[in-house]
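Here is what each chain is made of, one letter per residue.
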Amino acid sequence: MRTRRDTPLGFQPPAIGEEEVAAVAETLRSGWLTTGPRAALLEERLAAYLEAEHVLALSSGTAAMHLALLALDVGPGDEVITSPITWPATANVIEHCGATPVFCDVRDSDLNLDPALLATAVTERTRAILPVHLAGQPCDLDPIHALGLPVVEDAAHALESRYRGRKLGGLSDATAFSLYATKNLAAGEGGLVATNRDDVAERIRGMRLTRRGDGSHYDQVTAGFKANLSDVLAAIALVQLEKLEAHTAIRERQVALYDDGLAGLDGITPLTRDRRDTHALHLYVVRIDAARAGATRDEYQRALAEERIATSIHFLPVHRLTWFRERYPDQPRLPVAERAGDEVLSLPLSPAHTDADILDAVEAVRRVHARVA
Ligand SMILES: Cc1ncc(COP(=O)(O)O)c(C=O)c1O
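Here's the deal with the sheet that holds strand S12 (residues 344–347)
The strand order across the open sheet built from three strands is S10-S11-S12, with neighbouring strands paired in antiparallel fashion. Each edge of the open sheet is held by one strand with a lone partner, namely strand S10 (268–270) and S12. Averaged over all adjacent pairs, the angle separating strand axes in this sheet is 35°, with direction ignored. Bridge count for S10 against strand S11 (residues 284–288) is three bridges, and the pairing is antiparallel. Considered in S11, the bridge of proline 270 is made with valine 286.

Okay, structure coming up:
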């Protein structure tokens, strides 16, 4: 019988080893602190991995989505349909283009955009769709593509995912990934756009860095951003890419431990994973139905913190956050997303954790459940 841990269990610590440390040291010694050969190599390797024509290395997943929308000419007066169950950055980039986010409700099973509701959100101002692959479960892309509108995917959680056998990256007009510290391929900060469209790649290449010349003269042809990825971070990402398969095996084991260990706990249910797809296993999200589980999600989260198990919430519905609520006071309620926002709890999952760590988390949930249910 496992008891309360002596040491805290982190939610998603990075799985960084001596290989990453050595790669950073080597990069610093090479003199390339900014974008250079390692960023170029990362783009080449990831284009092969993602089965896409082009990959552009950028400073964040947020920048990746922002520049992808701009490359598709999203601008003032436009609407972009997106999911309310996401990190606010997904909606913020729509605002940064001067466009309006239109939140469409999600489906109960995996909390991805509900394809049955999408058509009702389309107006003559709809310029693009920005679906989110929550936790690593691909959205149902076929009905999204069937609407015939430009699509930028938020694949921040979904680097390893396949939709019906096909790798995410070359399926839509553009696909954005994140290299943030907690992500499956973690560089600390960073992002990627994958696309098969030459024009989209070329426009993002032109925008990510205000161009510099070779000598004392320089010119610019567009008001660019500063959204390039440094070689120091690309060096970390290159090592992480080599470890991806090994890390996937660890994630699979951890997810199986949760599936087995939590099965049968009334009112605690993991999000659905569609067996037709490859799930990136970025997050292990359960829903806590307070009426059956004996306590609310927040009470479970507090009780787990007392058990020294760190957890997180993915996500609070974006349209209910203060800024969006005040900016769009008349927006319709989204019942599925709003209920989910009260119920979701993400449990520790990381290749840096041992199986024993995950079993500690499982036992802690079981102890809390036995006490309150
Ligand atoms: C679903 C989702 N989209 C976008 C982002 C933004 O990525 P970044 O932090 O690299 O800007 C995140 C979180 O990091 C995320 O979880």
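Still more ground to cover, so stick around.
Considering the packing of aromatic side chains
This model, assessed by the stated rule, comprises four aromatic pairs. Taking the centre distance of 4.6 Å and the plane angle of 25° together, the rings of tyrosine 258 and tyrosine 284 count as stacked. Separated by 26 residues along the polypeptide, tyrosine 258 in helix H8 (residues 231–262) and tyrosine 284 in strand S11 bring together distant segments of the chain. Accessibility classification places tyrosine 258 together with tyrosine 284 in one group, the buried group. Ring centres of tryptophan 323 and phenylalanine 324 lie 5.0 Å apart, and the angle between their planes is 85°; this geometry places the pair in the edge-to-face category.

Quick notes on the packing of helix H2 (residues 37–50) against H8
Taken N-terminus to C-terminus, the directions of H2 and H8 make an angle of 30°; their axes are 8 Å apart at the nearest point. Classified by the angle their axes make, H2 and H8 are roughly parallel. Considering the relative orientation of H2 and H8, their crossing is left-handed. Contacts between H2 and H8 involve Pro37, Arg38, Ala39, Leu41, Leu42, Arg45, Leu46 and Tyr49 from the first element and Asp231, Ala234, Ala235, Ala237, Leu238, Leu241, Glu242 and Leu244 from the second.

Considerations on the site of the ligand
In the vicinity of the ligand, 16 residues are found, and the nearest of them are Gly61, Thr62, Asp154, His157 and Ser178. Within the contact set of the ligand, an oxygen atom lies 2.9 Å away from a side-chain nitrogen or oxygen of lysine 183. About the coverage of the ligand: the protein hides 91% of its 380 Å² of free accessible area. For the shell around the ligand, the leading source of residues is helix H3 (residues 61–71), giving three residues. Residues belonging to the shell around the ligand are distributed by class as follows: six nonpolar, eight polar and two charged.

Procedures and definitions
Residues numbered from 1 in each chain as written. Predicted model: local features only at pLDDT ≥ 70, side-chain atom pairs only at ≥ 80, totals over all residues. Heavy atoms only, no water. Pairing = 2+ DSSP bridges. Helix = DSSP H or I, 4+ residues; strand = E, 2+ residues; numbered from the N terminus. Axes fitted to C-alpha atoms, helices over the stretch in contact; angles between N-to-C directions. Phe/Tyr/Trp six-rings, centres within 6.5 Å; stacked < 30°, edge-to-face > 60°. Buried < 20%, exposed > 50% of the residue type's maximum accessible area, 1.4 Å probe, protein only. Parallel < 35°, antiparallel > 145°, perpendicular 65-115°, else oblique. Left-handed = near helix turned anticlockwise from the far one by under 90°. Contact = heavy atoms within 4.5 Å. Near = heavy atom within 4 Å. Polar contact = N/O pair within 3.5 Å; in protein donor to acceptor, adjacent residues only side chain to side chain. Areas by Shrake-Rupley, 256 points an atom, 1.4 Å probe, with all protein chains shown as cover. Nonpolar A, V, L, I, M, F, W, Y, C, P; charged D, E, K, R; others polar.

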